[in-house]
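Here is how the chains run, residue by residue.
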Amino acid sequence: MRLSRYFLPVLKENPSEAQIVSHRYMLRAGMIKQSAAGIYSWLPLGFKVLKKIETIVHEEQMRAGHIPMLMPTLQSADLWKESGRYDDYGQEMLRISDRHGRDMLYGPTNEELITDIFRSHVGSYKDLPLTLYHIQWKFRDEIRPRFGVMRGREFYMKDGYNFDLTKEDALHAYNRHLVSYLRSYERMGLQAIPMRADGGPIGGDYTHEFLVLADTGESEVFYDSAVTDLTFGDREIDYDSVEQCQGVLEEFTSKYARTDETHDEALFNEVPEARRRVARGIEVGQIFYFGTKYSEALGANVQGPDGKQSPVHMGSHGIGVSRLLGAIIEASHDDKGIIWPEGVTPFHCGIVNLKQGDDEADAACESLYQALTAVGFEPLYDDRKERAGGKFATMDLIGLPWRITVGPRGLKNGVVELTSRRSGESEELSPEAAVQKIVEIYANHQTGRGF
Ligand code: ATP
Ligand code: MG
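Along each chain, residues carry numbers from 1 onward, in the same order as the chain's sequence is written. Starting at A for chains and at 1 for ligands, labels are handed out in the order in which the entities are written. Confidence filtering applies because this is a predicted model: local features only for residues at pLDDT of at least 70, side-chain atom pairs given and counted only at 80 or more, and all residues used for totals across whole chains, interfaces and linings. Where side-chain values are given, they derive from all heavy atoms of the structure, hydrogens and water being excluded.

Caption draft 1: Up close: unusual backbone geometry. Residue P129 is bonded to the preceding L128 through a cis peptide linkage, with omega at 0 degrees. Mapped onto the elements, P129 comes out in the loop between α5 (111-121) and β7 (130-139). Although it is not a glycine, F147 sits at a positive phi angle of roughly 60 degrees. For F147, a relative accessible area of 12% corresponds to the buried category. Here a helix means four or more residues in a row that DSSP labels H or I, a strand means two or more in a row labelled E, and each is numbered from the N terminus. Partly exposed residues are those whose accessible area sits between 20% and 50% of the maximum for their type, while under 20% is buried and over 50% is exposed, using a 1.4 Å probe and protein chains only.

Here it is, written out as structure tokens:
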């Protein structure tokens, strides 16, 4: 993409309504624009990152054997009346009536709808196990929408639902989700720690929330600092293996890590004092096993091998896709702007032309642009007639992890400069070597073209 042809409405001033750094930078970098309280338009740069995150979530869900689909945002209230949640959900639910006076709602979550689909089409244990998911906009009329996309009213969420014959099978689905979530967050360059949580209005005995540690997080968390040493890394996992998935769950959840709702002071005090941490975190996902709560309410039964009918065991599992943009920025920025992890960066690298209009500089930038594009990358080429300082400030603000700087002085010696946004370190290389270096850097990150 050539910046002169892109739509990147960068703001010079700090917007006064933004209280936290991610909100401030998302507005300043022209990623989002508020349309109403807690409701945003996703401008091209924000949309691109949103889609990169969504793609990682899809790829990891499908790798775990979960099946994508799409349910609508608007739902009829009937199923919610059947499950009893139409009254329970309270004012967070946006209730609408259509021209015939029928009660509708903008879905805050989808347990009822998916259970209805299940009961209409599945009746036998032979069709299990089954995990269906979708990534769709949700609406919750939050009492205090704030912090930009972190606590929106309209937000983008992956929600998945497992259907199993027995509790053991459903717990394997729970573990499988835990593993796939660990992989997903790591691919986004994030550490999200599974912490024991509270069932809340969805209910459930088994539940973990995934938290990104950040001072601006809304949850208070208590943990053994040893949990922050755990990484999933590039290990291979067989998602059908009960032992392997259970092993990962045990490894990642055996150390003390809880949110304030489930915090137990006596247990916490058993952690060696030097490793006890009280901090704040951003919830970026949650997994639940809730048994037969919805299948009983909605009559979703399956026939077992013995011929007997019993309610199907279920769980639901969510990832806050739009909230993740804020969480990643909270975890990865400096005083100049965002620092995107390679896995989610909107463009793979920036190209800054120090002397636009100089024939040699223009030609070198053009050929770098072509070479990177030819090997499947998306560079953002700042081809505007602007001062170098202004171009650097824009690149730093929008946070591309790598920048290639091209100027007449370097070109005399046959070199361009490759700079890491994270470390600030630069090296001089030939243009061909710079392209090669970008290829190597991204070899470990499965990031395709964005939108
Ligand atoms: P919270 O406690 O932050 O209100 P929740 O526990 O009600 O969230 P879940 O029902 O677990 O949310 O939804 C799954 C995920 O969706 C959450 O882990 C979070 O990342 C995201 N999410 C929930 N509410 C919002 C919101 N208002 N804005 C943006 N993302 C949200
Ligand atoms: Mg939650």
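Caption draft 2: A look at the domain arrangement of the protein. Start and end points for every domain follow an automatic or database-based domain assignment. Each assigned domain of the protein is listed here: domain 1 (31-331) and domain 2 (343-443). Using C-alpha coordinates to define each centre, domain 1 is positioned 39 Å away from domain 2. Taking both sides of the interface into account, the surface hidden between domain 1 and domain 2 amounts to around 720 Å²; carbon and sulfur atoms contribute 69%. We define buried area as the total accessible area lost by two parts upon association, computed with a 1.4 Å probe and summed across both. When residues of domain 1 are sorted by the area they lose upon contact with domain 2, L45, K48 and K52 head the list and together hold 67% of the total. Salt bridge, as used here: a side-chain nitrogen of Lys or Arg that lies within 4 Å of a carboxyl oxygen of Asp or Glu. Of the charged contacts in the structure, one is a salt bridge between K48 and E378, with a shortest N-O distance of 2.9 Å. N or O atoms within 3.5 Å of each other form a polar contact, as long as, within protein, one can give a hydrogen and the other can take it, and as long as residues adjacent in sequence are counted only when both atoms are side-chain atoms. Scanning the region where domain 1 abuts domain 2 turns up 2 residue pairs in polar contact (both at pLDDT 80 or more). Here the element with the most residues in the side of domain 1 that touches domain 2 is helix α2 (residues 44-63); it accounts for 6 residues. Gly falls in the polar group here, along with every residue not listed as nonpolar (Ala, Val, Leu, Ile, Met, Phe, Trp, Tyr, Cys, Pro) or charged (Asp, Glu, Lys, Arg). Taken together, the residues of the side of domain 1 that touches domain 2 sort by class into 6 nonpolar, no polar and 3 charged.

Caption draft 3: Structural detail: the site of ligand 1. Around ligand 1, a shell composed of 14 residues is seen, among which E142, R151, G152, E283 and Q286 lie nearest. Here a nitrogen atom of ligand 1 sits 2.8 Å away from a polar atom, N or O, in the side chain of E142. Q286 places a polar side-chain atom, nitrogen or oxygen, 3.0 Å from an oxygen atom of ligand 1. Accessibility throughout is a Shrake-Rupley quantity obtained with a 1.4 Å probe, and a residue counts as covered only by protein chains that appear here. Coverage of ligand 1 by the protein amounts to 84% of the 570 Å² it exposes when considered alone. For each structure, a 1 Å grid was placed over the protein atoms alone; sets of points admitting a 1.4 Å probe that cannot get out are labelled cavities, open sets with protein on both sides within 12 Å along at least five of seven lines are labelled pockets, and lining residues have an atom within 4 Å of a point. A molecule is said to be in a cavity or pocket once over half of its atoms fall within 2 Å of that pocket's grid points. The cavity where ligand 1 resides is the largest pocket. Mapped onto the shell around ligand 1, the elements with two or more residues apiece are β8 (154-164) and β13 (276-291). Among the elements that make up the shell around ligand 1, the one with the highest residue count is β13 (4 residues). Split by residue class, the shell around ligand 1 holds 5 nonpolar, 4 polar and 5 charged. It suffices for a single heavy atom of a residue to lie within 4 Å of a molecule or strand for the residue to be listed as near it.

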